[in-house]
Amino acid sequence: MAEQRKLAAVMFTDIAGYTSLMYNDERKALSILEKNRTLQKSLAKKHNGEFLKETGDGTLLCFRSALDAVRCALEIQKSVKDDPGLNLRIGIHLGDIVYKDGDVFGDGVNVASRIETLAEAGGICFSEEVYKSIRNQPDIQAVFVSKKRLKNVAEPVNIYMIRGSAKKKAGVQPGLSIRYAKMFKIILLPVSGAVLIAAAFFLIHHYLASDQPASRKRIVAAIFENRTGDASLDVLGKMAADWITQSLSRSAEADVVPNSTVVHSYASAMLADSKHLQGDYIYRLAAETKADIIISGSYYLQGDVLQFKSEIKNVSDGQLIYSIPALSGTTSQYSELIEKLGNEITGGLEHHIRFMDIRQLSKPPNKDAYIEYFAGLELFGKDPPNAIKHFNRAFTKDSLFVLPLVFIIESYMSQIDYAGADSVFQIFRHMRDRLTPFERCYQDYFESAIKGNLEAGLRYLLEAAKIAPSDWLTNYLIGQDAYYLYKPRMTIETYSRSEIPSPAHIGLVFDPWKIGLLAEAHHDLGNYQQALEESRKGQKYYPDLLWFYSHEARALAAMGRIEEMEKVIEKCHAVSTSSGTIGQVLIEAARELRFRGHIVKAREYAERAVEWYRDHSTGEVNPWDLAFALYVAENWQEAKTMFEKLDNKYPGSISSTGYLGVLAAHLGDKEKAREISEKLKNMDQPYIRGQHTLWRARIAAMLGGKEEAVRLLRLSFAQGRRYGSFIYQVYEFESLRDYEPFRELMKPRG
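Keep in mind it's a predicted model, so treat the numbers as computed, not measured. Residue positions within a chain follow its written sequence, with the count starting from 1. A pLDDT threshold of at least 70 governs which residues receive local features in this predicted model, and a stricter bar of 80 or more applies before side-chain atom pairs are shown or counted, although totals over entire chains, interfaces and linings include all residues. Hydrogens and waters are ignored; side-chain quantities use all the structure's heavy atoms.

**A few points about the pattern of salt bridges**
Convention followed: Here, a salt bridge means any Lys or Arg side-chain nitrogen found within 4 Å of an Asp or Glu carboxyl oxygen. Elements are defined by DSSP. Helices are runs of H or I of four residues or more, strands are runs of E of two residues or more, and each kind is numbered from the N terminus. Think of it in three bands: with a 1.4 Å probe and only protein chains considered, a residue is buried below 20% of the maximum accessible area for its type, exposed above 50%, and partly exposed in between.
This structure, assessed with the given rule, holds 36 salt bridges. Between Arg-554 and Glu-592 there is a salt bridge, and its shortest N-O distance comes to 3.1 Å. Within this pair, whereas Arg-554 is found in helix α23 (residues 547-558), its partner Glu-592 is found in helix α25 (residues 582-595), the two being separated by 38 residues in sequence. The shortest N-O distance in the salt bridge between Glu-675 and Lys-672 comes to 3.5 Å. Here Lys-672 and Glu-675 lie together in helix α30 (residues 670-681), a separation of three residues that amounts to about one turn. Residue Glu-675 is classed as partly exposed on the basis of its relative accessible area of 48%. Of the residues examined, Lys-672 reaches a relative accessible area of 35% and is grouped as partly exposed.

**Quick look at the packing of aromatic side chains**
What counts is decided by this rule: Only centres within 6.5 Å qualify two rings of Phe, Tyr or Trp (six-membered ring in Trp) as a pair; their planes then separate them into stacked at under 30 degrees, edge-to-face at over 60, and tilted for everything else.
Overall, the coordinates contain 27 aromatic pairs when judged by the stated rule. Taken together, a centroid distance of 6.3 Å and an interplanar angle of 90° make the contact between Phe-425 and Phe-428 edge-to-face. In this pair, Phe-425 and Phe-428 are both assigned in helix α15 (residues 418-429), three residues apart and thus about one turn of the helix distant. Taking relative accessible area as the criterion, Phe-428 reaches 1% and is therefore assigned buried. Here Phe-438 and Tyr-442 contribute two aromatic rings whose centre-to-centre distance is 5.3 Å and whose plane-to-plane angle is 50°, an arrangement assigned as tilted.

**A word on α25**
Basically, it comes down to this: Take the residue count of a helix, subtract one, and multiply by 1.5 Å to get its expected span.
Over its 14 residues, α25 runs 20 Å from end to end, which matches the ideal 20 Å to within 8%, given 1.5 Å per residue. Looking one or two residues past α25, Gly-597 carries a phi angle of roughly 95°, positive in sign.

**Quick word on helix α3 (residues 66-80)**
Look at α3: 21 Å from first C-alpha to last across 15 residues, which is about the 21 Å you get at 1.5 Å a residue. Regarding α3, the residues found buried are Ala-66, Asp-68, Ala-69, Val-70, Cys-72, Ala-73, Ile-76, Gln-77 and Val-80.

Quick look at the structure:
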């Protein structure tokens, strides 16, 4: 038959957990295959498709249109949703295919087969080409998952899935790469004096988990050696390798050598030397498959107790990455043991490939803990209370895996709940004896962060960098904390040399906090054009975050390009924002304009911000924002009234007390200002971090005490208050700008 080329929708399906089912009950497994075949042939015909062939427990179908393919997939999953034996994964792609001799070939087929491995049990995944064909169908709800680099596919592919299509209680673990690949929505927390907020200290963990083609690893799972003395148990070694291979393949974070290749190599090795499978064979397998990482192991039998041992090694140098603790159980529990073994290996390798060398961890996660850990990351920065619940579950499932504790601590810190963070840190602190040197650096870092000792925290991060120089997370945090210590050059230099992925590597999934930090660091050094470029990069990758429009407005104001700045404000009205408000952009523009000497324009923008907040006073506006806008607009009396109400609502609030102090000074009530300064001095709250002292410095400056103001500023920084060029924008410090001690204090420190 001659070749026929055409555009078509290709569908691949397979049955999750089929290998284990086949071993447990072959007759039942074959019956399920027959049921699946009959169902799919019938539904393919109904939806203008063709059932082409079976490949083991998988099937290949072809359709005239993407819509036909998706509707067929939906009906297939609906038909089997209550069948515990038919946990189907489905992948669909629309592309060029070649028909020949009753089969199909081509890139379209390859892409569809790779997409199928990303789906959960009961799930349906497809490419952007398919999504474009079905997105206007009101009865089909699809969501974007992530951009993935697929094996033997030149360009990354945007992956979508049908919302809620996966089985909630499927008999296998779902693929991590789909279940937890949603991007976070960043919440901008407005704090006077700074655009950049440190609410997402570890947020980049999830963003940087996306593909990095340059560092993709190739993994092979060898057949485990049977050391039980019972040849009838040989099949367990093959099952272990197959389960591990399937589990790793679904993650799509590495190239995994197919189990069929491993079986072929094993058979060849058996013919050559059936007695020494774990010696030269392991390295021969690695060489044949061009693997970077190899998983091998053996199993033993003592009475009725079956025990599995395994290890993960780097092929290039033979170094041990991790040795999985021995797993034991009765012979009747072999399936559970193999599944647990796969979970331990998959969880550890996922973390090794995505985040850091697991040799730096005292204990990598098992897969169950890893799943909860990622569920927490999905909510981190967006829903801290529920994120904490998932991190707690992760720690419960694997109490030797310390990262969940790290994220619980940071979730509390992002809510300014340092007491909560400290309570969890005490658990972390008592684990010190079994931590690696790298983990101890992070433990010391968090202890310093909770206490507000930023300098010490940075030193511990630098120690961690000596242990793991290429660890992207450590380098990221060094750049972040250097910025908080007013070391903008160090921030820029760190990000320039560290291996934090660029947009070219990971497409639209790019870290917004890194872009924001770079924009701020360049701004601090007077590199306004570079700050402008970073802010526009942020808008390109995160068009719904008004934070980056604030950066752009500030940079343009600093360069005196006010007409262009006004266009930025106008552009904000067309943004469907997930974070930030137009009022905040106006406020940042006003403050920068005032700092640059454009007093009249600054007041105009501040008044526009007040007007915007008044117009949006129901629902989306935080009363603190309106109060702050009134303060920036120099509407002292109304601002005072607002802050008095907030002070009554939140008694003991440092912010409301501080504003009332400076407003008293602005209104000429010096006695009241001094009284409030004394009240601030006597505040004895834990985790206060120099905030009260900074307010006292502002009051002192307003009352004409330049020397006292600088002394208090130094003290506030020593107490843990972050600082930087935003101090120059503080209204009360305008009188200090020509005062040499103040100028010396406010020079960038690195």
